[in-house]
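Residue-level structural notes
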Amino acid sequence: MEFRYRYRTKPSDIWQVRMYYAYASYTGIVNIICIVASVILIVTMWETAAGWFRVLMLFFLSLFTIIQPLVIYSASKKQAADNTDEIEIVFNNSGIEVSIADKNESYPWKDVISVVIKPTLVIIYTGTNRGYILTNSVLNKTRKAFLEFVDEHRIRERV
């Protein structure tokens, strides 16, 4: 069995990864607490707050719900601009074969460090800071079968 995908990594793909990691860390906990606190503050203080304080409360809320995601998207856009080549990635019984422009790399299953599964994407890590993002739009209808295939090979290689 073999799974073959061709795609270009888009800024939105990198943004999704960064947002997942941002909200899965301690920073994410702080962000959620700040969002909840700002909503509570707005609901309880809006009627009696001065105009400048209303602006401050709205800014505080938008800092975590609008500004931070836009900053992360901007950084993702810059990173994606450096990676404009199409990726062809093939998953087969012997491992992973990746072709990007004129570079070809192969990774046996034992070299796959981790597989991160999120609701909208899958990341296959082949190095400490080296991974391949496969979004649901890339995986399309093969997501379930692909994840079963990867899981089977990762378990087999660990034993």
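Scroll up a little and you will see the structure.
Structural notes, computed from the coordinates. (Residues numbered from 1 in each chain as written. Predicted model: local features only at pLDDT ≥ 70, side-chain atom pairs only at ≥ 80, totals over all residues. Heavy atoms only, no water.)

Moving on to the pairing of strand β6 (residues 121-127). The element β6 is largely enclosed, with a buried count of seven among its seven residues. Linkage of strand β5 (residues 114-118) to β6, two consecutive antiparallel strands, is achieved through a turn of two residues. Pairing between β6 and strand β7 (residues 130-135): six bridges, direction antiparallel. The partner of tyrosine 125 across the bridge, within β7, is glycine 131. Two successive antiparallel strands, β6 and β7, enclose a turn made up of two residues. (Buried < 20%, exposed > 50% of the residue type's maximum accessible area, 1.4 Å probe, protein only. Helix = DSSP H or I, 4+ residues; strand = E, 2+ residues; numbered from the N terminus. Pairing = 2+ DSSP bridges.)

What follows concerns the nonpolar core. Residues Tyr5, Ile89, Phe91, Ile96, Leu134 and Phe146 are the most contacted members of the largest nonpolar core, which totals 22 residues. Contributions of two or more residues to this core are made by β1 (3-7), β2 (87-92), β3 (95-100), β6, β7, α4 (136-139) and α5 (143-158). Here the element with the most residues in this core is α5; it accounts for four residues. With residues up to four places along the chain from it excluded, the contact list for phenylalanine 91 reads Met1, Glu2, Phe3, Tyr5, Ile96, Trp109, Ile124, Leu134, Phe146 and Phe149. With eight residues, the next largest nonpolar core counts Ala80, Val116, Ile123 and Tyr125 among its residues. (Core = buried A, V, L, I, M, F, W, Y, C linked by side-chain atoms within 4.5 Å. Contact = heavy atoms within 4.5 Å.)

This part takes up the sheet that holds β7. Taken together, three strands build an open sheet; the order of strands is β5-β6-β7 and the sheet is antiparallel. Edge strands, defined here as strands with exactly one partner in the open sheet, are β5 and β7. Ignoring strand direction, the axes of neighbouring strands in this sheet form an average angle of 15°. Against the sheet, helix α1 (residues 11-24) contacts β5, β6 and β7, and its axis sits at roughly 85° relative to β6. (Axes fitted to C-alpha atoms, helices over the stretch in contact; angles between N-to-C directions.)

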